[in-house]
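Spelled out, the chains give:
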Amino acid sequence: MAVHPASLFATAVLLGASLLTAQQPATAAAPAAAPEKTAEQVYKNIQVFQGLPASELRSTMQFFADSLGVQCTFCHAFPFDADVKPQKATARRMVKMVFAINKDTFNGRPQVTCYTCHRGSSRPDSALSVAAVLTAPPPPPAFPAPGAAPAAQGPGGRRGRGNAPAAQQILDKYTQALGGASALAAVHSELVTASRVNATGSADETITRSGDKFIISDGAAGKSGFDGSQFFNWNPRFGSRPAEGEAATLLQAEAGLYPAAHVDVSKARVFGPVPMDTHSVYIMFVPGEGGVNSRYSFDATSGLLLRIDTGTPTFIGPLPLQIDFSDYRAAGGGVTLPYDITFASHSQKWERKIASIQINADVPADNFTLPAGTERRGGAGGAGRGAPGRGPTPPAR
Ligand code: HEC
Ligand code: HEC
């Protein structure tokens, strides 16, 4: 597993939360992690998910909805704990079936999920049809998909497959391409101005970073980040809440100055080169990173990281997240960073277009102190800032 701010690390071990690599500050203290609540301690009518971490329930529901191509109301009537719809009862039977298949047939690895059969439809097709055979998609690529269950370590170990270099060589080249380890280590703070662009428009955002702390702010409406002890989302209405589920995955993705710095090379396997868009890439597959499999795609020529495929763990299988890095430029201090980052999750896609990066900018000491506010978490519907029935919302919007 990669190295993270210590508290997050402890939480992650408990939650099996999804972790992208974060830059590990030497100074991170290790506050005692509060024990994670189980689903039945937070929610009212938990039968099949007893004993599983409450923080993953909402993401699991999103996984159901996306796998079947339905809304929450397909199985639920309000309130969420009510057992009104037969679909909810069917879903419970399906969960038991999936858990049993994975236990009995796949050695406990989560190989079969709702999506394996449902593929975005509430009624999966069991009959083989002529049309389906004739229009069969091409065979899948020869490297493991992100989110698939961790596979056994191959005989190649940490060596690359075929012509691929070893994982450590890939990471060294990446670090070099960003300006080298000593230039990166000399970055203590960062001030980034950017706009966040999605299908409906664009909003300004500021990202300040100092050591392992960071805040993404869009001015009055919201802030999110890591305050030295936990990932949080803050807004004037609800105050500060710990980020969980997908919101946590997104913030973990932001946590390091440069992602992939702390990939555990002893677990990583490299495939390629293979084509990706207009590039030729090496794919570094990191099994079980924080509970999901991640895939890092590095440009075979420049060595730069172009894409991370990762996800948010749920009880059934990961919710996917893809992050694309482009427009690498000199940011000052001998460091090269991406000025364009695109996030694509199951429910939304947005692009961060960076206008300026100031390396080692003065960051006011109180920058990371949030205004006091009420803490709200857990419970049906109340857990997310977003529209009811959506997962937790990503940073500061
Ligand atoms: C395919 C059916 C299905 C879909 C779609 C679905 N759920 Fe669920 N949901 C369930 C089942 C089954 C449970 C009970 C799990 C158990 O018994 O452990 C549940 C439990 C819950 C609970 C816990 C309620 C309580 O207090 O006991 C919440 C909250 C919830 N769902 C929210 C959602 C949201 C929000 C969505 C949409 C993103 C959603 N669900 C989509 C089947 C579904
Ligand atoms: C092994 C294949 C398989 C897997 C895995 C699977 N399902 Fe199903 N599911 C089916 C089939 C087949 C049907 C349709 C049964 C029917 O038509 O009577 C179905 C029906 C359903 C329905 C009822 C749909 C309706 O229109 O009423 C729900 C809800 C459902 N599945 C939820 C899930 C959930 C949630 C998961 C993951 C925990 C899951 N299924 C995993 C095969 C599967």
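Scroll up a little and you will see the structure.
All of these numbers come straight from a predicted model, not from anything done at the bench.

A. Region of the structure containing the coordination of the iron atom of ligand 1. In the first shell of the iron atom of ligand 1, the protein supplies Met 61 (SD) and His 76 (NE2), at 2.0 to 2.2 Å from the metal. The coordination sphere of the iron atom of ligand 1 comprises six donor atoms, whose angles at the metal cover 88 to 179°; the geometry is octahedral. Of this pair, Met 61 sits in helix 3 (residues 57–68) while His 76 is found in the loop between helix 3 and helix 4 (86–105), placing the two residues 15 residues apart along the sequence. Residue classification places Met 61 among the partly exposed positions, given a relative accessible area of 25%. The exposure class assigned to His 76 is buried, which follows from its relative accessible area of 13%.

B. Here's a closer look at the coordination of the iron atom of ligand 2. Bound to the iron atom of ligand 2 on the protein side are Met 94 (SD) and His 118 (NE2), at distances that span 2.0 to 2.4 Å. For the iron atom of ligand 2, the six donor atoms in the first shell make angles of 83 to 179° at the metal, a pattern classed as octahedral. Of this pair, Met 94 sits in helix 4 while His 118 sits in helix 5 (residues 114–118), placing them 24 residues apart in sequence.

C. Examining the packing of aromatic side chains more closely. In this structure the tally under the stated criterion is nine aromatic pairs. Ring geometry for Tyr 174 and Tyr 258: centres 5.9 Å apart, planes at 55°, overall tilted. With Tyr 174 in helix 7 (residues 167–177) and Tyr 258 in the loop between helix 9 (246–254) and strand 7 (269–276), this pair connects stretches of sequence that are 84 residues apart. Take Tyr 174: its relative accessible area is 1%, and that puts it in the buried class. For Tyr 258, a relative accessible area of 12% corresponds to the buried category. Site record: aromatic cluster; members linked through ring pairs are Phe 49, Phe 64, Phe 99 and Phe 315. Seen from the ring of Trp 350, Arg 196 lies directly overhead, with NZ or CZ sitting 4.1 Å from the centre. Above the face of the Phe 214 ring, Arg 209 is positioned so that its terminal group lies 5.4 Å from the ring centre.

D. Here's a closer look at the site of ligand 2. Close contacts around ligand 2 come from 17 residues, with Met 94, Cys 114, Cys 117, His 118 and Arg 123 the closest. His 118 is positioned such that a nitrogen or oxygen atom in its side chain is 2.7 Å from a nitrogen atom of ligand 2. Here an oxygen atom of ligand 2 sits 2.8 Å away from a polar atom, N or O, in the side chain of Arg 123. For the shell around ligand 2, the secondary-structure elements that each account for two or more residues are helix 3, helix 4 and helix 5. When residues of the shell around ligand 2 are assigned to their parent elements, the largest contribution, six residues, is made by helix 4. Among the residues making up the shell around ligand 2, the classes are represented as 11 nonpolar, five polar and one charged.

Quick notes on the rules
Residues numbered from 1 in each chain as written. Chains lettered and ligands numbered in written order. Predicted model: local features only at pLDDT ≥ 70, side-chain atom pairs only at ≥ 80, totals over all residues. Heavy atoms only, no water. Donors = N, O, S within 2.8 Å, 3.2 Å for Na, K, Ca; no water. Tetrahedral: all angles 85-135°; square planar, octahedral: opposite > 155°, others 65-115°. Helix = DSSP H or I, 4+ residues; strand = E, 2+ residues; numbered from the N terminus. Buried < 20%, exposed > 50% of the residue type's maximum accessible area, 1.4 Å probe, protein only. Phe/Tyr/Trp six-rings, centres within 6.5 Å; stacked < 30°, edge-to-face > 60°. Lys NZ or Arg CZ within 6 Å of the ring centre and 35° of its normal. Near = heavy atom within 4 Å. Polar contact = N/O pair within 3.5 Å; in protein donor to acceptor, adjacent residues only side chain to side chain. Nonpolar A, V, L, I, M, F, W, Y, C, P; charged D, E, K, R; others polar.

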